[in-house]
Amino acid sequence: MNAATDDNFANRLLKWFDHDGRHDLPWQHPRKPYRVWLAEIMLQQTQVQTVIPYYRRFVDTLPDIPALAAADADQVLALWAGLGYYARARHLHQAAKICVELHDGDLPTEFSALSALPGIGRSTAGAILAQAHGLRFAILDGNVKRVLCRYHGIGGVPAATAVEKQLWRIAEDHLPAERLVDYTQAIMDFGATLCTRHDPACVLCPLQVDCVALREGRVAELAESKPGKPLPERRTLMLVLHDDAGRVLLARRPPTGVWSGMWSLPEVANHDQARDFVHQHAQVEFDSNRPMALIEHTFSHYRLHIAPLYWRDARPAARIGDNDQYRWQALSEIDEVGLPAPVRKLLGNLP
């Protein structure tokens, strides 16, 4: 790559950004390190329009790193509930505590210290340093990988070590000498809104003259995807024990695995286990349950089929009170706890 090509790439993107980029995102005003960090974490695996209302609620409630570090884990998960990939929220919380303990309540500005925090890898660290401080660091999220693979005609799966190493080198070569804040936002916006995975708007592309994929008719195949495998199927029974005070019994999820540490509905593998659980935790006739509509929820690594069983007039067992494992939660105050999206939807559709 020569200097002219590098200049053309960055300059064309910046010119496009000035006219067609996104300039009114909430984390841009003001563009402080904490706000940029929170946005970058939320935007992993999630689209901008989905993130914005969650972002605003989160930053209004926990406006800085000390506030996040001091928050209860349940509050953090409640603010995150519905965004999915909940490990992001747990890592965010852990990182905030480390920043308070080791960095005077701020994000470190040294790349090595920043990228060492939970949930912050090379690309996220680069995005924070470039956008919050205008430092010359590249990013390489999924959108940027796709843009570079198409523009340079790079085959192979971007996550493969050799391909990713090549893409990092190219991403760094393309960095302009100035306007790092705008350039970082520009290349993210470009991949998210114009050079999209499906139906990219090549006719409007400011890079089309030099795009190898467009010239060779390979736009649809780049960036290459890792061959998919059929998702495993799993099944579970969720128990909805609803008392006459308008509360439901919630159970704390295990500390590892999906939805780890969150409140959810009690789960069992079969009806025998369901009978035992209900006998121990509630005063209600087991056979009075009403099956609800089946729910299918897809994770990145398997598909979960949920069969809910519903009891309308359950009463708490005398020996079961609120504790760190179980709690009876008023449906009118369900937003106070972080519930997985399918569980929240299920409770919102109770008869």
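Everything numeric in this text was worked out from a predicted model, so none of it was measured.

Rules used in this analysis
- Residues numbered from 1 in each chain as written.
- Predicted model: local features only at pLDDT ≥ 70, side-chain atom pairs only at ≥ 80, totals over all residues.
- Heavy atoms only, no water.
- Helix = DSSP H or I, 4+ residues; strand = E, 2+ residues; numbered from the N terminus.
- Buried < 20%, exposed > 50% of the residue type's maximum accessible area, 1.4 Å probe, protein only.
- Contact = heavy atoms within 4.5 Å.
- Core = buried A, V, L, I, M, F, W, Y, C linked by side-chain atoms within 4.5 Å.
- Axes fitted to C-alpha atoms, helices over the stretch in contact; angles between N-to-C directions.
- Parallel < 35°, antiparallel > 145°, perpendicular 65-115°, else oblique.
- Nonpolar A, V, L, I, M, F, W, Y, C, P; charged D, E, K, R; others polar.
- Salt bridge = Lys/Arg side-chain N within 4 Å of Asp/Glu carboxyl O.
- Pairing = 2+ DSSP bridges.
- pLDDT = per-residue confidence, 0-100.
- Phe/Tyr/Trp six-rings, centres within 6.5 Å; stacked < 30°, edge-to-face > 60°.

### So, the side chain of Thr236
- Tracing the backbone shows Thr236 in strand β1 (residues 233-243).
- For Thr236, a relative accessible area of 10% puts it in the buried group.
- Leaving out residues up to four positions away in the same chain, Thr236 has contacts with Glu267, Val268, Leu304, His305, Ile306 and Ala307.

### Quick notes on the nonpolar core
- Ranked by internal contacts, the top residues of the largest apolar core, which has 61 residues, are Tyr34, Trp37, Leu38, Phe58, Leu68, Trp80 and Leu347.
- The residues touching Trp37, leaving out its near neighbours within four places in the chain, are Ile65, Leu68, Leu92, Ala95, Ala96, Leu107, Ile120 and Ile128.
- Core analysis: the next-biggest nonpolar cluster, separate from the first, contains 37 residues, Val163, Leu167, Ala171 and Met188 among them.

### Considerations on the environment of Pro206
- Along the chain, Pro206 falls in the loop between α11 (180-193) and α12 (212-216).
- A C-alpha to C-alpha distance of 23 Å links Pro206 and Gln166, two positions 40 residues apart in sequence.
- For Pro206, the contacting residues outside a window of four places in its chain are Arg12, Trp16 and Phe190.

### Remarks on the packing of helix α3 (residues 48-61) against helix α5 (residues 73-80)
- For the pair α3 and α5, interaxial distance at closest approach is 9 Å and the crossing angle is 155°. Classed by the angle they form, the pair α3 and α5 counts as roughly antiparallel. Across the interface between the two elements, Tyr54, Arg57, Phe58 and Thr61 from α3 touch Gln75, Val76, Ala78, Leu79 and Trp80 from α5.
- For the contact of α3 with α5, a count of residues per class yields 6 nonpolar, 2 polar and 1 charged.

### Things to note about helix α2 (residues 33-42)
- Among the 10 residues in α2, 9 count as buried, and that is most of the element.
- Where α2 is concerned, the buried positions are Tyr34, Arg35, Val36, Trp37, Leu38, Ala39, Glu40, Ile41 and Met42.
- Next to the buried residues of α2 lie α3, α4 (65-70), α5, α6 (87-102), α8 (122-133) and α11.

### Some thoughts on the pattern of salt bridges
- With the rule as written, the count across this model stands at 15 salt bridges.
- Here Asp18 and Arg179 are joined by a salt bridge, their closest N and O atoms 2.6 Å apart. Separated by 161 residues along the polypeptide, Asp18 in helix α1 (residues 3-20) and Arg179 in the loop between α10 (161-173) and α11 bring together distant segments of the chain.
- Of the charged contacts, one joins Asp287 and Arg275 as a salt bridge, the two residues approaching to 3.4 Å between their closest N and O atoms. Taken as a pair, Asp287 in the loop between β5 (282-283) and β6 (290-291) and Arg275 in helix α13 (residues 271-281) lie far apart in primary sequence, 12 residues in all.

### What about the pairing of strand β7 (residues 295-298)?
- For β7 and strand β8 (residues 303-316), the ladder comprises 4 bridges, and the chain directions are antiparallel. Within β8, the residue paired with Ile295 across the bridge is Ile306.
- Counting the residues in the hairpin turn of β7 and β8 gives 4 residues.

### Comments concerning the confidence of the model for the protein
- In the predicted model, the protein carries a mean pLDDT of 93, and the fraction of residues at 70 or more is 96%.
- Looking across the protein, the model is least confident in α1, with a mean pLDDT of 82, and most confident in α4, with 98.
- Throughout residues 1-5 the model reports pLDDT below 50, and contacts reaching past four residues in sequence, or to other chains, amount to 6 contacts.

### Brief notes about the packing of aromatic side chains
- Inspection of every chain in the model, using the stated rule, returns 10 aromatic pairs.
- For the ring pair Trp27 and Tyr55, a centre distance of 5.1 Å and an interplane angle of 75° mean the geometry is edge-to-face. On the criterion of sequence distance, the pair formed by Trp27 in the loop between α1 and α2 and Tyr55 in helix α3 is long-range, its members being 28 residues apart. The pair formed by Trp27 and Tyr55 is uniform in burial state, with each residue classed as buried.
- Ring centres of Phe58 and Trp80 lie 6.3 Å apart, and the angle between their planes is 85°; this geometry places the pair in the edge-to-face category. With Phe58 in helix α3 and Trp80 in helix α5, this residue pair connects regions lying 22 residues apart in the sequence.
- Assessed through its relative accessible area of 0%, Trp80 is described here as buried.

### A short note on the environment of Gly348
- Turning to its location among the elements, Gly348 is positioned in helix α14 (residues 341-348).
- Owing to a relative accessible area of 62%, Gly348 belongs among the exposed residues under this scheme.
- Taking the C-alpha atoms as reference points, Gly348 and Ile334, separated by 14 residues in sequence, lie 9.8 Å from one another.

### Things to note about the packing of helix α9 (residues 142-152) against α11
- One can describe the packing of α9 onto α11 by two numbers: an axis separation of 8 Å at closest approach and a directional angle of 80°. With respect to each other, α9 and α11 are oriented roughly perpendicular. Here Asn143, Val144, Arg146 and Val147 of α9 lie close against α11, whose contacting residues are Ile187, Met188, Phe190, Gly191 and Ala192.
- Taken together, the residues of the contact of α9 with α11 break down into 6 nonpolar, 2 polar and 1 charged.

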